[in-house]
Amino acid sequence: MAAPPSMLWLLLLALLVLGVRGEAEREALISERRDACNRLSNRGIHPRDPSQFPNRFRSHGGTLQYASPADANMTDLDCAGVALLREIIRPYSLSRPRYSNAPHLLYVERGSGLLGIVTPGCPTTFRNPFATPSCPHREEDRRRRRRRPYDYESESERESEYEYEEEEEDEHETRQRRQQQEQEQGQEKEGDTCQKVRRVKEGDLVVIFAGNTFWLDNDNPSQELRLVAIVDVSNNQNQLDRRYKTFLVSGEARLESEEGGEEGGVSRGVLQGFSNDVLQRALDIGNTTILRHIERRVSQQRQQGQGLHIRLHRGQLDIPHPRQRRGEESQQYYEPEYEEEEEEDEYKEEEEEYPCERRGRRRGSGNGVAEEGSCSMRLRQSLNRADNADIYVRGAGRVNLANALKMPALQVVGLAADYVKLERRGAMFAPSFVVNAHRIMYVTRGRGRIQIVDDKGRRVFSGEVRQGQFLLIPQNFAAVKEATAQIFEWVAFLTDGRPLREQLVGRNSLIQSMPRQVVAATCGIRGNEAEQLIGSRQQTVGPILTPPSSYYYSRSSSSSRTYPEDLDSTTESQTTETETKTEAETETEAEAQTETQPVTAVLTASA
Amino acid sequence: MAAPPSMLWLLLLALLVLGVRGEAEREALISERRDACNRLSNRGIHPRDPSQFPNRFRSHGGTLQYASPADANMTDLDCAGVALLREIIRPYSLSRPRYSNAPHLLYVERGSGLLGIVTPGCPTTFRNPFATPSCPHREEDRRRRRRRPYDYESESERESEYEYEEEEEDEHETRQRRQQQEQEQGQEKEGDTCQKVRRVKEGDLVVIFAGNTFWLDNDNPSQELRLVAIVDVSNNQNQLDRRYKTFLVSGEARLESEEGGEEGGVSRGVLQGFSNDVLQRALDIGNTTILRHIERRVSQQRQQGQGLHIRLHRGQLDIPHPRQRRGEESQQYYEPEYEEEEEEDEYKEEEEEYPCERRGRRRGSGNGVAEEGSCSMRLRQSLNRADNADIYVRGAGRVNLANALKMPALQVVGLAADYVKLERRGAMFAPSFVVNAHRIMYVTRGRGRIQIVDDKGRRVFSGEVRQGQFLLIPQNFAAVKEATAQIFEWVAFLTDGRPLREQLVGRNSLIQSMPRQVVAATCGIRGNEAEQLIGSRQQTVGPILTPPSSYYYSRSSSSSRTYPEDLDSTTESQTTETETKTEAETETEAEAQTETQPVTAVLTASA
Amino acid sequence: MAAPPSMLWLLLLALLVLGVRGEAEREALISERRDACNRLSNRGIHPRDPSQFPNRFRSHGGTLQYASPADANMTDLDCAGVALLREIIRPYSLSRPRYSNAPHLLYVERGSGLLGIVTPGCPTTFRNPFATPSCPHREEDRRRRRRRPYDYESESERESEYEYEEEEEDEHETRQRRQQQEQEQGQEKEGDTCQKVRRVKEGDLVVIFAGNTFWLDNDNPSQELRLVAIVDVSNNQNQLDRRYKTFLVSGEARLESEEGGEEGGVSRGVLQGFSNDVLQRALDIGNTTILRHIERRVSQQRQQGQGLHIRLHRGQLDIPHPRQRRGEESQQYYEPEYEEEEEEDEYKEEEEEYPCERRGRRRGSGNGVAEEGSCSMRLRQSLNRADNADIYVRGAGRVNLANALKMPALQVVGLAADYVKLERRGAMFAPSFVVNAHRIMYVTRGRGRIQIVDDKGRRVFSGEVRQGQFLLIPQNFAAVKEATAQIFEWVAFLTDGRPLREQLVGRNSLIQSMPRQVVAATCGIRGNEAEQLIGSRQQTVGPILTPPSSYYYSRSSSSSRTYPEDLDSTTESQTTETETKTEAETETEAEAQTETQPVTAVLTASA
C-alpha cells in the first residue's frame with residue numbers, strides 16, 4: 001500500500017512539472033510568434049512543389065492549389081508572409097469570377113487566355129463587337145443564342161431548361177416593352193458591355209489588387225493555361241486575415257484540404273449567400289425563377305464535377321475583347337501584336353484602354369473614391385520578352401525586371417518581380433542578397449544549383465531546384481544560382497516595390513565598394529590578395545555571370561551539343577522559344593571565338 | 001494490487017497526452033494569433049450594444065463605455081483592430097481633458113457642445129471676448145469671478161476654499177506686481193487664450209489624432225451630448241498597445257471593468273503622477289499651496305462622485321468660442337449658421353481658424369515639427385446634412401461620405417466614414433462589399449434587416465439591428481441592408497482613408513462589369529437569364545435602392561401612415577427632424593405617382 | 001483499496017484542471033502578445049546598463065553588446081520594438097563590414113573614426129590619394145605594401161604568408177598582363193576605389209539603412225571609439241525577424257549569449273557560407289588558393305582572439321578619405337573643419353560627395369532601382385554642436401534636434417533623435433510627453449533625476465539615471481528630467497521621423513492651450529488658481545527650464561563651485577568640453593545678476 005501515496009506524489013510532481021512547463025512554454029510562445037524566419041534558418045529551407053500544397057480546388061475545368069502562412073509546416077511562407085498558388089485551367093474552361101483579401105502577383109507560366117479584372121467604380125469600356133451603339137443588338141444576340149442554347153457542359157440539362165422557357169416569356173415581353181419605352185425616351189440601352197478584358201499569355205505578369213474580382217478564360221483549344229502567383233497576405237491592403245481567402249461571386253466550389261491545410265469544405269458564391277427573398281428585392285425582379293434556377297443549377301454543376309473551374313461545352317465564350325486584325329486563329333496566342341504594346345507602353349496601353357468609348361467617364365460610381373486615373377492603370381506586363389531585357393550578357397543570360405518604377409501598380413501593392421534566364425550550363429546569377437525584400441523563386445524551365453547562406457554563415461540550402469518548384473530566399477540571406485542544365489529560367493517575386501540587390505562579387509559589388517585594406521583585414525589576407533579578389537569579374541556588370549573560364553568543359557565545343565539530358569526540359573518550349581533559341585545558339589558559337597573577352601550589354605533598368 | 005501499476009501507466013499516458021496536446025495547442029496558438037476574422041466568421045457576427053461594453057467610466061456628469069480588442073470575447077473588435085466607445089455627457093457637464101494612444105473617429109449622435117482639441121506646438125488662437133488685447137482683463141475677470149466664486153458642484157467646499165484665500169494673497173501680490181512690471185517693460189500679457197474651440201452638434205464627424213488632448217463641454221441645459229467613436233488601436237500612430245489607453249491630464253476617474261474587461265482601477269491625471277516637489281520646481285511657483293490644493297480637491301471630487309465627467313454647478317463655463325451673432329440662446333445648438341461653413345469649406349473654415357489674430361504664428365513651439373499648416377487642419381465636418389448628400393435617391397434615402405479626398409485629416413489617420421439614411425420601409429442599401437476596409441456600423445435611428453456573407457458563402461449574420469447598436473462587417477464580406485422601419489439611419493466607420501465599395505447589383509455593379517456569358521457560366525444559367533440578371537436595377541446608380549415594385553405593401557397608401565410601430569423611434573428626433581420629415585413625406589406622396597420610374601440624383605462624391 | 005479509485009478521480013480532476021488552465025492560458029496568450037507596454041507599465045521601467053545586455057561580441061579589437069526585443073526580460077525593448085546596442089572599438093581596430101535586417105540610428109558617444117557605408121548600386125566615388133587617374137598606382141601600391149607586408153596583428157603568420165607568395169606569381173603575372181592589355185584597349189583601370197567614407201566623431205548621428213553594409217575603423221591611436229545605437233527591428237525595412245540579425249561579409253565572430261539572450265555561437269561571413277567551388281566559379285579565379293587561404297586565415301584569426309573587431313597590427317589602415325588640409329595629426333579628431341560642414345549643409349555636403357569624380361554616374365548597377373539621388377543622401381550629422389542648437393536657454397541648457405525635416409534619411413527610416421544638455425544643476429527638461437513615438441534616452445554625461453508617469457497616473461519610474469544608461473519613455477507617457485549634477489547630457493532616439501512633443505507646463509504648453517475654466521474644473525481649483533498655474537513659467541519657451549527661483553541653493557554663489565561631487569563625472573570630458581565649460585561658467589556668473597529675468601533665445605527648429 002506504499003504505492004498509492006507515492007503515486008500521489010508522482011501525480012503532484014507531474015502537475016508541478018506540467019505547470020512549470022506551461023510557464024516555460026508561455027515564454028517560448030511569446031518569442032516564437034515573430035521568428036518564423038529564425039526557425040526557418042535553423043531547420044533549413046526546402047523547395048516546394050505546388051502539387052504538395054495542402055489546399056486544393058479541383059474540378060473538370062482545372063486545378064487551383066495553394067499554401068498559406070497559416071498552414072502547418074509552412075515556416076517559409078510564414079517567414080515571407082505570402083501565400084503561394086498555382087492554377088491550371090484546362091482548354092475551353094473558365095476560372096470563376098472571384099476575389100481575395102490580399103493582392104496577387106501572378107505570372108503566366110504556360111498558355112494563353114482572357115483575363116477580366118473588375119475594379120470598383122470603373123467604367124465598362126468593352127463592348128460586344130456584334131452590338132452597335134444604337135443597339136438593336138440584344139435582339140440579335142438573342143437570336144444567335146437560340147442557335148447555341150447553352151454555353152456550358154451539361155447536356156442532360158437541356159430539357160429542364162426549356163421547361164421554364166414559357167413561364168418566362170411573359171416576364172420577357174414586359175421587359176422587352178419596357179426596354180423599347182426606355183429607348184424611345186432617349187435612354188440608350190447598352191450592349192453586352194464589360195470592364196476591360198486583357199489577353200494574357202506565357203511570360204505575362206499581372207497585378208490584381210485585394211478585393212478586385214477577376215476571372216480567367218482559357219480560350220485555347222489545345223493548351224492548358226498555367227499560372228503561378230504569390231498572394232501577399234501581409235500586405236496593407238489586407239486587413240482581414242493572414243490566410244488566403246477566396247470569395248466566389250457565384251457558383252460553388254469544393255476546397256479539399258490535407259491535414260494541416262486550411263479547413264476545407266464547400267465555398268459558395270456570395271450571391272448565393274443572401275436569402276432569395278432579399279436578393280429578389282435587391283434585384284427588383286418580379287419572380288424568383290432566376291434565383292431558384294441559379295440555386296438548382298449551381299448544385300447540379302457541383303454534382304457534374306464543375307467547381308472553381310467550369311468546363312465549357314460550347315468551347316469559346318463570346319467575350320468582347322480586342323482581337324488581332326490579321327493572322328490565323330491558331331497562332332493568336334503568340335501573336336507579336338500584343339508584344340508590341342510593351343515597347344510603346346506610354347501611349348499604346350492608354351489607347352487600348354478605351355477602344356469603344358474613348359472619352360468614357362465613370363458613370364456615377366457609388367462611392368466616388370476610385371479615381372479616373374486608377375481605372376486605366378496598367379495591371380499586365382510581359383516579363384519575359386527578350387527584346388525588353390534589362391540586363392543581357394551574351395552567352396550567359398538575361399534579366400527582365402518589373403518594379404514600381406516601371407509599373408505603378410507594383411508601387412500600390414509594394415511587390416516586384418524579376419524574370420531571369422540563364423542560357424547556358426555553368427552560367428551563374430552572382431552571389432547576392434536582397435536588401436529590403438524576400439525573394440520567392442519559381443523555376444519555369446530547366447534546373448540549377450542554389451546555395452543560400454544565413455546570418456551566421458550557415459548554408460541553409462544547397463541543392464538543385466528544377467522546373468515547377470518554389471524556393472524562398474529570405475531577406476538579407478545571400479544566395480548564388482548556377483545553371484546545371486542548358487537552361488535555367490525562373491521568375492522571382494519580391495516583397496517590396498523597389499527591391500535593392502547587393503552583389504557580393506563583380507563590378508560595383510559589395511567587395512569592390514570597400515577599401516582594399518578593409519577587405520584584406522576582414523578576410524585575413526594580404527593586400528595584393530584582396531586586390532585579386534576585388535579585381536575578379538571586372539568585366540561583369542550586373543548579376544549575370546558567364547561560365548568561368550576554368551569551367552570543366554571545353555570552350556571550343558558548342559555547348560548546345562554537349563548536354564543531351566537537358567533536351568527533354570527544353571523541347572516543350574520549342575515552338576515559342578524557337579526564335580530565342582536560334583539566337584542563343586548563334587551567340588554560343590560566336591562566343592566560342594571571343595570567350596576570353598565577352599561583350600556585355602546592359603540596358604538601364606529604370607526605363 | 002494490479003491497479004497501481006495500471007494507474008502508473010494511466011499517469012504516463014496522461015502526461016503523454018498532455019504533452020502531445022501541448023504541442024498541438026502550440027501550433028494552434030501560432031496560427032490562432034492572426035485569425036480573429038476567421039474565428040469571427042466561424043462563430044457568427046453579432047450586433048453589440050454599448051451598454052454591454054466591459055469597461056466603464058461613470059460619474060454624475062456622464063458615462064464613457066468602451067470595448068477594446070484585447071478584451072475577452074471581442075473577436076469582432078480583434079478582427080477589425082479597433083476599440084469602440086460611447087460617451088454620454090449630461091447637461092452642464094465637462095468631459096475632462098484627456099488623450100489617447102490611438103486616433104479617434106468620433107460621431108456626435110445627439111446634442112451639442114464645445115470641443116477643444118490641443119495640438120502640440122499650435123498657437124492659442126482663441127481669446128476670451130471679455131479680454132481686450134491691451135488687457136486689464138485679468139482684473140475684470142477676477143472681479144467677475146468673485147461674484148461666482150467656483151465653477152463646479154461642491155457647495156460644501158466653499159469655506160475650505162476661503163480658508164486659504166489669505167495665505168495666497170502675498171504670493172498673489174508679488175505676482176501682480178511682477179505682472180505690472182512686465183507690462184511696463186512692454187511684455188504684453190495675454191488674456192484667457194486657448195487653442196481653437198469647436199462647436200459640435202448632432203451629425204458631426206470629428207477626427208482626433210493620437211496623443212492630442214481633447215475635452216468636451218455640454219453647455220446645453222437640457223439635452224445630453226451623446227457620442228460614439230471608433231478608436232483605431234491598430235493605427236500607425238499608435239505604437240503603444242493594442243488596448244485603448246486613456247491619459248487624463250489632471251483629476252481622477254474610476255474605471256469599472258467587468259470580468260474580461262481591461263483591468264479597472266483609479267486613473268489619475270499625469271500631472272498628479274509627478275511628485276509635488278518636482279512639479280513645484282517645474283512650475284517655478286514659490287510654495288506648493290496650489291499643488292496641495294489640487295491634490296486635496298481631486299480626491300474630494302472623487303468622493304463627491306465626480307469622475308471622468310464633471311457636473312458643473314454653475315452651469316455654463318466661460319469658454320472663448322465663436323458665438324452666433326443673432327438668434328436666441330435656446331436655438332443655438334441647431335443653428336444653420338454653423339452649417340453654412342460646410343458649403344464654403346475652403347475659405348470659411350480657414351477664416352474661422354484665426355478669429356482674433358488672423359496672422360497668428362506659432363509662438364516658439366518647442367520642437368518645431370508641427371507645421372503651421374497642420375495647425376489649421378479641419379478636424380470636424382458635418383456628416384448628416386441633407387443638402388450635402390453624395391448620393392440621393394428620392395423616396396429611398398441618401399448617403400453622405402467623408403473620406404481622405406474630402407477631409408485631409410482622414411488621410412492622416414487612414415479612416416473614413418459614411419452616413420446613410422434610408423427614408424422608407426423597404427428601401428435598401430445594395431448588396432455590396434468594401435474592397436479594402438472593415439466597416440463598423442452604428443445605427444443612429446430606426447432599424448433594419450442585415451445579411452452578411454463570408455468567403456465561403458455562409459450567412460454569418462442575418463437579423464435585425466436597431467438604434468444604438470454597433471455591427472462589424474469585415475473587409476470583403478458582402479452585406480445587404482434593408483429598412484424594416486420607416487427610417488433606418490446609420491453611420492459607418494471604415495478602416496481606410498479611401499474605402500472602395502463594390503456593388504453586386506445595379507448599374508456599374510460587379511455583375512454588370514463582367515461579360516454576359518461569364519455571368520451565365522458562373523451562375524449556371526442561360527445567356528438571356530444572365531441578361532435579365534445584369535439588366536436588373538438599371539435605373540439605380542449607387543447603393544441606394546428604392547423599395548422593389550413587387551414590395552408587399554400597397555403603393556398608393558402613403559407609407560408614413562402605415563407603420564405606427566415606428567413612431568416611437570422617430571418621435572424623439574421630431575424637433576430636429578421636422579424639416580427633413582416633411583420633405584420625406586412630400587416625396588413619398590410625389591413618388592406614389594411616379595413609382596414606376598423613379599428619378600435619381602447623384603452628386604459626385606469627390607467634392 | 002479505496003485509494004486507487006479516488007486517485008483515478010484525482011487524475012481525472014488533474015486532467016480537467018490542466019485542460020481548463022490550458023484554455024485560460026490560451027486566452028491569456030492571445031492578449032499577451034501585444035501588450036508589452038502594458039506589462040511594462042505594471043512592472044515599472046528600469047534603466048539599462050549596456051554591460052548587462054545579454055548578447056556580446058568580444059575580441060581584442062573591441063566589444064559589441066546588444067539586447068533584442070526577443071530576449072527574455074526585455075519588456076521595455078519589446079514595448080518600443082527596438083534593439084539597443086553599444087559598440088566599443090579599441091584604438092587601431094576595425095569593426096568588420098556587416099549588415100543587418102533593420103536600420104540603425106547610431107550616435108558616437110566618444111572618440112573618432114572612419115565609417116564606410118556601402119549602398120547597393122551606388123558609385124565608388126572615393127579613390128586612394130596615392131593613385132592617379134591614369135593610374136600606375138597599383139604598382140606603386142604594391143611596392144609600398146612590400147614594405148609593410150601585412151596589416152593585421154598576427155606575426156606568427158609571416159612565414160606562412162610568404163610560403164605561397166611564389167605559387168601566386170604566375171597567376172599574378174597573367175593578371176598583370178591582362179590588365180595592361182585592358183589599359184591598352186582604352187579600358188581605364190581604377191585605383192583603390194570605394195564608396196564614400198565618412199569621418200565620424202563624438203556627437204555624430206548616423207543613419208544606416210537595413211541591408212546596407214558598414215564598417216568602422218578607429219584610426220585614433222589613443223582613444224576608444226564608443227557608439228550607441230537603436231536598431232529598429234519593427235521598421236518597415238525589416239521583413240525578416242524581430243531579432244537583431246548581424247550578417248558579416250567575411251571573417252568569423254563569436255556571439256556570447258547569456259541565458260535568455262539570443263542563441264549564441266560562431267557567426268561566419270556570408271562569403272564563407274558558400275562552398276569553395278561555387279565561389280571559385282563565381283569569382284572566375286583560376287585556382288582556389290585565395291579561398292583556401294581565406295578559410296585558413298579566418299579560423300586562425302579566431303584562435304588569435306580576433307572577432308567582430310580586428311586589432312590592426314600596423315595601426316592605421318590606408319583608406320581613401322578626405323583629410324584636413326592643415327593642422328596637426330593629433331588634433332584631427334576634433335577638428336572644426338568637419339564641423340563647418342553642418343552650417344552649410346546644402347551645398348557643402350553635396351560637394352564633398354564626389355571628390356574625385358564630380359559628375360560620377362552609377363556604372364551599370366544591376367537592378368537599376370537605386371536612384372542617383374539616394375546615393376548622395378546625407379547619412380551623418382553632428383548632433384551636439386553648440387552653435388547648431390535648436391533651443392538654447394542661458395544658464396539652463398540646450399536641445400539639438402534631428403528629424404525628417406532636417407535629414408531626409410530619417411524620413412526614410414521613420415526615426416529621429418534629440419541631443420539635450422542641461423548645463424546646470426537644477427535645470428530641467430519640462431514635464432512633457434511625445435505624442436507619436438517612443439523615446440529611448442541614453443545618458444552621455446552626468447546624471448539626473450527622472451520621473452515617468454503612465455496612463456493611470458502611476459509613477460512607473462522615479463529615480464536617478466547616470467552616464468552610460470539607457471532608459472525607455474514609452475509613447476504618451478509623461479516624463480520630467482532634472483539635472484542632479486552640474487551636467488546632465490543625453491541623446492534620445494525617437495521612433496518616428498517627425499516626433500511631436502507636448503509640454504505640460506510653460507508657454508504654449510498643454511495647460512496654456514486650454515481655457516482657464518476647463519483647467520480649473522479638471523484640477524478642482526478656482527479660476528484664479530488656474531490662472532496662476534497657467535501663468536507659471538511664462539518666460540520659458542520650449543522644454544528647457546532654468547533652475548527655479550526657489551531652488552534650495554543660493555543664487556549668488558557660482559554653481560560651478562558648489563558641487564565637488566560632480567567633478568569626477570565631468571573631468572573625463574575636460575579636454576573636449578573646455579570651451580563650452582568656460583562659456584557655461586561665464587554665463588552662470590552673468591546670470592547671477594539677471595536671475596529674475598532670464599533671457600531666452602530660441603532658434604527655430606525646422607532649419
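Residues numbered from 1 in each chain as written. Chains lettered and ligands numbered in written order. Predicted model: local features only at pLDDT ≥ 70, side-chain atom pairs only at ≥ 80, totals over all residues. Heavy atoms only, no water.

- Chain A appears in an unreviewed UniProt entry as Legumin; 11S globulin from Gnetum gnemon.
- The Sequence similarities (unreviewed entry) field of the UniProt record for chain A holds the comment "Belongs to the 11S seed storage protein (globulins) family." (UniProt positions renumbered as here; feature names shortened; annotations may be inferred.)

**Quick look at the packing of helix α8 (residues 276-283) of chain B against helix α9 (residues 289-303) of chain B**
All names here are of chain B.
Okay, so step 1: Running from N to C, α8 and α9 point in directions that differ by 130°, and their axes come no closer than 9 Å. Taken together, the axis directions place α8 and α9 in an arrangement best described as oblique. Of the two possible hands of crossing, α8 and α9 adopt the one that is right-handed. Contact residues: α8 offers Asn276, Leu279, Gln280 and Leu283, while α9 offers Leu291, Arg292 and Glu295.
Okay, so step 2: Looking at side-chain class alone, the contact of α8 with α9 contains three nonpolar, two polar and two charged residues. (Axes fitted to C-alpha atoms, helices over the stretch in contact; angles between N-to-C directions. Helix = DSSP H or I, 4+ residues; strand = E, 2+ residues; numbered from the N terminus. Parallel < 35°, antiparallel > 145°, perpendicular 65-115°, else oblique. Left-handed = near helix turned anticlockwise from the far one by under 90°. Contact = heavy atoms within 4.5 Å. Nonpolar A, V, L, I, M, F, W, Y, C, P; charged D, E, K, R; others polar.)

**Quick look at the environment of Ile294(C)**
Okay, so step 1: Relative to the helices and strands, Ile294(C) is located in helix α9 (residues 289-303).
Okay, so step 2: By relative accessible area, which is 7% here, Ile294(C) ends up buried.
Okay, so step 3: Considered as a pair, Ile294(C) and Leu379(C) are 85 residues apart in the sequence and their alpha carbons are 32 Å apart.
Okay, so step 4: The contacts of Ile294(C), once residues within four sequence positions are left out, are Cys523(A), Ile525(A), Leu533(A), Ser250(C) and Gln272(C). (Buried < 20%, exposed > 50% of the residue type's maximum accessible area, 1.4 Å probe, protein only.)

**A word on the side chain of Arg378(B)**
Okay, so step 1: Its location among the elements puts Arg378(B) in the loop between α12 (372-375) and β17 (380-382).
Okay, so step 2: Of the polar contacts made by the side chain of Arg378(B), one reaches the side chain of Gln381(B); its length is 2.9 Å. (Polar contact = N/O pair within 3.5 Å; in protein donor to acceptor, adjacent residues only side chain to side chain.)

**So, the sheet that holds strand β14 (residues 252-257) of chain A**
As a general point, the strands of a sheet are linked pairwise by backbone hydrogen bonds and lie either parallel or antiparallel.
Residues and elements named next belong to chain A.
Okay, so step 1: With antiparallel pairing, the nine strands of this open sheet are ordered in space as β15-β14-β1-β2-β3-β12-β5-β10-β17. Looking at which strands have only one partner, the edges of the open sheet turn out to be β15 (265-268) and β17 (380-382). Each strand axis lies, on average, 20° off the axis of its neighbour in the sheet, ignoring direction.
Okay, so step 2: Inspection of the sheet shows strand β5 (residues 104-110) paired to strand β10 (residues 204-208) by four bridges, in the antiparallel sense. The residue bridging Leu106 from the neighbouring strand is Val206, located in β10. (Pairing = 2+ DSSP bridges.)

**Examining the UniProt feature "domain: Cupin type-1" (unreviewed entry) in chain A**
Okay, so step 1: Annotation from UniProt places "domain: Cupin type-1" (unreviewed entry) at residues 43-291 and 381-531 of chain A.
Okay, so step 2: Across residues 381-531 of chain A, helical content stands at 13% and strand content at 48%; the span's end C-alpha atoms are separated by 42 Å.

**Some thoughts on the sheet that holds strand β1 (residues 55-59) of chain C**
Residues and elements named next belong to chain C.
Okay, so step 1: Read across the open sheet, the nine strands follow the order β15-β14-β1-β2-β3-β12-β5-β10-β17; overall the sheet is antiparallel. Here the strands that pair on one side only, and so sit at the sheet edges, are β15 (265-268) and β17 (380-382). In this sheet, adjacent strand axes meet at a mean angle of 20° when their direction is disregarded.
Okay, so step 2: Sheet topology places strand β5 (residues 104-110) next to strand β12 (residues 225-231); six bridges connect them, and they run antiparallel. Across the sheet, residue His104 finds its bridge partner in β12, namely Val231.

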